[in-house]
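Reading the structure
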Amino acid sequence: MHPTPAQPHRAAPDREIESLAEFDEVVAAHGSLARFRIQAVDLTARTADLLRLDTDGAVFLGCPMSPEAAARVRSSGALVFPPVPGLPFDPYRGFVYSPDELFESLAEGYEATPDARAYAWFQRTKADGDVFSSMLRAVHDDAVSDALDELLAGARVVGVMGGHAMERGTAAYAGAARLGRELTRAGYTVATGGGPGAMEAANLGAYAAPFADRMLDEALRLLAKAPSFRPSVTDWARSAFEVRERWPGGGESVGIPTWFYGHEPPNAFASHLAKYFANATREDGLLARSNAGVVFLPGAAGTVQEIFDNATPNYYESRGEPTPMVLVDEAHWTTELPAWGLLQSLARGRSMESRIALVDRIEHAADAVKRLGS
């Protein structure tokens, strides 16, 4: 019995096929592709399987296949969304990005990388009013969100928010790196905005977590030679990959950057990069997935926005029980940008009141997260 148009079949996550190995496992175990979702898998070498298997209700998203196979699966009840030629990204991708993927061809300069080419495409198409381009961006971002949810299933995620202007070689950068290391060693998954500055520092600290403490000290010295992504993203990124090559196999963390701020490249220390075209989707997704709390380092308008974007669902408890919010640097958040007083006023008399804290030193932030979350 086929589902009616009013009640379409909804594939469960375990009915998604996202790699050739997974395709072969499903074929061997089930002998059918009916109602499976096959996502961005190159099936050009699986024509024989596609010509014989039941594909009723299956959906093929951006899967290269022979014309014969495509015609047969369509006639057997499958939907086929073919790959889109000429794009510097795959809108149907099944996984988040890796630094190696986004920085491929860095040896030729940052402008040659997939990251830079995707940004250039975005710049050309974001204001042209072409519904096809906007659809591709939306499909891509939804695929990235799906992949990120799968990646973080069951993880205790702590977000670390801070600006891109924090330079390598500064005490603030080193402090953010030590914070990322301590949170990772405590069993949390560190998530950042995935860019330079404080974001890179926290991801670097997570990367350094499995190594002896001196590794981070040495890495900080090496990185200080290229303190900022300005004027050269190429030099900035190469120095990060040099650290990774010297100490391979670092700890895992997540970066959630955006092409909306194309002047901000992603950092190479986040092992997983969920990069979006839509910044609003990215911002909300980063905070919503920080289920074990958020640390807010000193920042400007963007960080202030993130504080209250996070405070709102904690205030209304729209995502369930409030999660910890830790603001770092008393002078910054009480005098320079006095967000702390407003946050206290919002929290007064509500469940979130016991889940907020202001600490003066970054060394106290991890303990505050643990205390507020217990």
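See the structure shown above.
Small disclaimer: the values here were computed from a predicted structure and weren't measured.

The rules we used
- Residues take numbers from 1 onward in each chain, read along the sequence in its written order.
- With pLDDT at 70 or above as the cut-off, local features in this predicted model cover only qualifying residues; side-chain atom pairs require 80 or more to be listed or tallied, and sums for whole chains, interfaces and linings still use all residues.
- Think of the side-chain values as coming from all heavy atoms in the structure, minus any hydrogens and water.
- The numbering of helices and of strands both runs from the N terminus, where a helix is a DSSP run of H or I of at least 4 residues and a strand a run of E of at least 2.
- Radius of gyration: over C-alpha atoms. The globule rule applied is 2.2 Å multiplied by the number of residues raised to the 0.38 power.
- The rule is simple: take the accessible area with a 1.4 Å probe, protein chains only, and divide by the maximum for that residue type; under 20% is buried, over 50% is exposed, in between is partly exposed.
- Any two residues whose heavy atoms approach within 4.5 Å at even a single point are treated as in contact.
- Computed by Shrake-Rupley with a 1.4 Å probe, the accessible areas treat only the displayed protein chains as cover when residues are assessed.
- When charges are tallied, Lys and Arg are placed among the positive residues and Asp and Glu among the negative ones, while His and the ends of the chain are skipped.
- Taken as the charge location is NZ of Lys, CZ of Arg, CG of Asp or CD of Glu.
- Cavities and pockets were defined on a 1 Å grid built over protein atoms only: a cavity is a set of grid points that admits a 1.4 Å probe from which the probe cannot escape, a pocket is an open set flanked by protein on both sides within 12 Å along at least five of seven lines, and lining residues are those with an atom within 4 Å of any such point.
- Grid points are joined across faces, edges and corners, and a volume is the space filled by probe spheres set on the points.
- For this classification, the nonpolar set comprises Ala, Val, Leu, Ile, Met, Phe, Trp, Tyr, Cys and Pro, the charged set comprises Asp, Glu, Lys and Arg, and every other residue, Gly included, is treated as polar.
- Angular values range over 0 to 180 degrees, each being the angle between N-to-C directions of two axes fitted as lines to C-alpha atoms, with helices fitted over their stretch in contact.
- Strand pairing is assigned whenever DSSP detects at least two bridges linking the two strands.

Below, the discussion takes up the overall build of the protein chain. The secondary structure content of the protein chain amounts to 15 helices and 11 strands. At 22 Å, the protein chain has a C-alpha radius of gyration in line with the 21 Å of a compact globule built from 374 residues. Here the C-alpha coordinates of the protein chain stretch approximately 65 × 50 × 45 Å along the principal axes. Split into buried and exposed, the 374 residues of the protein chain put 53% on the buried side. By sequence separation, contacts in the protein chain at least 24 residues apart represent 63% of the contacts at least 6 residues apart. Taken as a whole, the protein chain presents about 16,600 Å² of accessible surface, with 53% of it coming from carbon and sulfur. Computing the positive centroid from 35 side-chain charges and the negative centroid from 49, the protein chain places the two 2 Å apart.

Moving on, we get to the layout of surface pockets. A volume near 450 Å³ is recorded for the largest pocket. Forming the boundary of the largest pocket are 25 residues, of which Gly 162, Gly 163, His 164, Glu 264 and Gly 302 lie nearest the centre. Elements represented by at least two residues in the lining of the largest pocket include exactly strand 5 (157–161), helix 8 (198–208), helix 11 (279–289) and helix 12 (301–316). Looking at the lining of the largest pocket element by element, the count peaks at five residues for helix 12. Counted by class, the lining of the largest pocket contains 11 nonpolar, 10 polar and four charged residues.

Okay, the packing of helix 7 (residues 171–185) against helix 15 (residues 365–373) next. Running from amino to carboxyl end, helix 7 crosses helix 15 at an angle of 35°, the nearest separation of the two axes being 9 Å. Touching Leu 179, Glu 182 and Leu 183 of helix 7 are Ala 365, Ala 366, Asp 367 and Lys 370, all from helix 15. When its residues are assigned to classes, the contact of helix 7 with helix 15 shows four nonpolar, no polar and three charged.

Take the sheet that holds strand 8 (residues 272–273) next. What the seven strands build is an open sheet, ordered 8-7-6-5-9-10-11; its pairing is parallel. Because the sheet does not close on itself, it has two edges, and the strands there are strand 8 and strand 11 (356–359). Looking at chain direction, strand 5 and strand 6 (residues 189–192) are connected through three bridges and run parallel. Residue pairing in the sheet places Gly 159 in a bridge with Ala 191 of strand 6. Packing against the sheet, helix 11 makes contact with strand 5, strand 6 and strand 9 (294–296), and its axis sits at approximately 130° to strand 5. Strands in contact with helix 15 are strand 5, strand 9, strand 10 (325–328) and strand 11; relative to strand 10, the strand with the most contacts, it is inclined by about 160°.

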